[in-house]
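# Close look at the chain arrangement
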Amino acid sequence: MKLLILNGPNLNLLGKREVSIYGNKSFDNYYIDLQDQFPQIELSYFQSNNEGEIIDKIHEVGFNYDGIVLNAGAYTHTSVAIADAISGVTSPVIEVHISNVFKRESFRHHSYISSVCMGTIAGFGLDSYKLAIEAFTKK
Ligand code: DQA
């Protein structure tokens, strides 16, 4: 099984950014844990702060990967273009958030991508990614 973890803007700062919300572990370190936990899965990882690059990546893998675990960061709440990219490909996408966006500011309560994703996992810290991978493996 081939899965892409795709992180959007500011998620390169994990471990340094708003640690009370996002924790103090970098994604690079967490990604090593994920690879250890799922040795049977061909995982790859891409992060960009640029909306167009996220869309290009969805186009690139979205017809041949078994799934995409997407944390679109703030683009979740703004991007019709990322929602259209998800609709345009065949690979299923699971939306993830580290924080429980529904406990936070009201502008984080709306997602443009939820309705075109297989499901959403939010609020379990970095383990939201692990839960999404488990969901793909049980599909
Ligand atoms: C986030 C939640 C978003 O509202 C925020 O803009 C992020 C991170 C999360 O993982 O909790 O950048 O997607």
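Residues numbered from 1 in each chain as written. Predicted model: local features only at pLDDT ≥ 70, side-chain atom pairs only at ≥ 80, totals over all residues. Heavy atoms only, no water.

## Focus: the site of the ligand
The following threshold applies: If even one non-hydrogen atom of a residue comes within 4 Å of a molecule or strand, that residue is called near it. Pairs of N or O atoms are called polar contacts if they sit within 3.5 Å, as long as, within protein, a hydrogen donor faces a hydrogen acceptor (for residues adjacent in sequence, only side-chain-to-side-chain pairs). Every accessible area reported is derived by Shrake-Rupley at a probe size of 1.4 Å, with residue values counting cover from the shown protein chains alone. Here the term charged refers only to Asp, Glu, Lys and Arg, the term nonpolar to Ala, Val, Leu, Ile, Met, Phe, Trp, Tyr, Cys and Pro, and the term polar to all other amino acids, Gly among them.
Looking at the ligand, the residues that line it are Arg17, Tyr22, Asn71, Gly73, Ala74, His77, His97, Ile98, Ser99, Val101 and Arg108. Take His97: an N or O atom from its side chain is 2.8 Å from an oxygen atom of the ligand. Considered on its own, the ligand offers 330 Å² of accessible surface; in the complex 99% of this is hidden by protein. Here the residues of the shell around the ligand are counted per class, giving four nonpolar, five polar and two charged.

## A short note on helix α2 (residues 27-37)
Heads up, the condition is: In this scheme, a residue with accessible area under 20% of its type's maximum is buried, one over 50% is exposed, and one in between is partly exposed, where area comes from a 1.4 Å probe on protein chains only. Strands here are runs of E lasting at least two residues and helices are runs of H or I lasting at least four, both read from the DSSP assignment and numbered beginning at the N terminus. Summarising the geometry, the arc corresponds to the directions from the helix axis toward the C-beta atoms. Any two residues whose heavy atoms approach within 4.5 Å at even a single point are treated as in contact.
For α2, the full list of buried residues reads Phe27, Tyr30, Tyr31 and Leu34. The arc that holds the buried residues of α2, viewed along the axis, is 105 degrees, so those residues lie on one side. Residues of α2 that are exposed and point over 90 degrees away from its buried face: Asp28 and Asp36. The elements touched by buried residues of α2 are β1 (2-7), β2 (42-47) and α5 (127-137).

## As for α5
Side chains of residues three or four places apart in an α-helix project in the same direction, reflecting 3.6 residues per turn. Of all the positions in α5, only Ser128, Tyr129, Ala132, Ile133 and Phe136 are classed as buried. Seen from one end, α5 has its buried residues packed into an arc of 140 degrees, which puts them on one side. On the buried face of α5, the contacting elements are β1, α2, β2, β3 (67-71), β4 (93-97) and β5 (119-122).

## Regarding unusual backbone geometry
Positive phi values are uncommon outside glycine, yet Asn10 reaches one of about 75 degrees. Relative to the assigned elements, Asn10 resides in the loop between β1 and α1 (19-22). Phi at Glu18 is positive, roughly 35 degrees, even though this residue is not glycine. Inspection of the secondary structure assignment puts Glu18 in the loop between β1 and α1. Taking relative accessible area as the criterion, Glu18 reaches 43% and is therefore assigned partly exposed.

## A word on the packing of helix α3 (residues 51-61) against helix α4 (residues 80-88)
Our working rule: Comment: axis = line fitted to C-alpha atoms, over the contacting stretch for helices; angle = value between 0 and 180 degrees taken between N-to-C directions. In what follows, roughly perpendicular refers to angles from 65 to 115 degrees, roughly parallel to angles under 35, roughly antiparallel to angles over 145, and oblique to any angle outside these ranges.
Running from N to C, α3 and α4 cross one another at 5 degrees; their axes reach a closest spacing of 9 Å. Of the possible angle classes, the one that applies to α3 and α4 is roughly parallel. Residues Glu51, Ile54, Ile55, Ile58 and His59 of α3 form the contact with α4, whose own contacting residues are Ala81, Ile82, Ala85 and Ile86. Partitioned by chemical class, the residues of the contact of α3 with α4 number seven nonpolar, one polar and one charged.

## Observations concerning the sheet that holds β4
Whether parallel or antiparallel, the strands of a sheet pair through hydrogen bonds between backbone atoms. For the record, the criterion: Strand pairing is assigned whenever DSSP identifies at least 2 bridges connecting the two strands.
Strand order in the open sheet made by the five strands is β2-β1-β3-β4-β5, with parallel pairing throughout. Each end of this open sheet is capped by a strand with a single partner; those strands are β2 and β5. The sheet shows a mean angle of 20 degrees between the axes of neighbouring strands, direction not considered. For β1 and β2, the ladder comprises six bridges, and the chain directions are parallel. Its bridge partner being in β2, Lys2 is matched across the sheet by Glu42. Its contacts with the sheet place α2 against β1 and β2, and it is angled at close to 170 degrees to β2.

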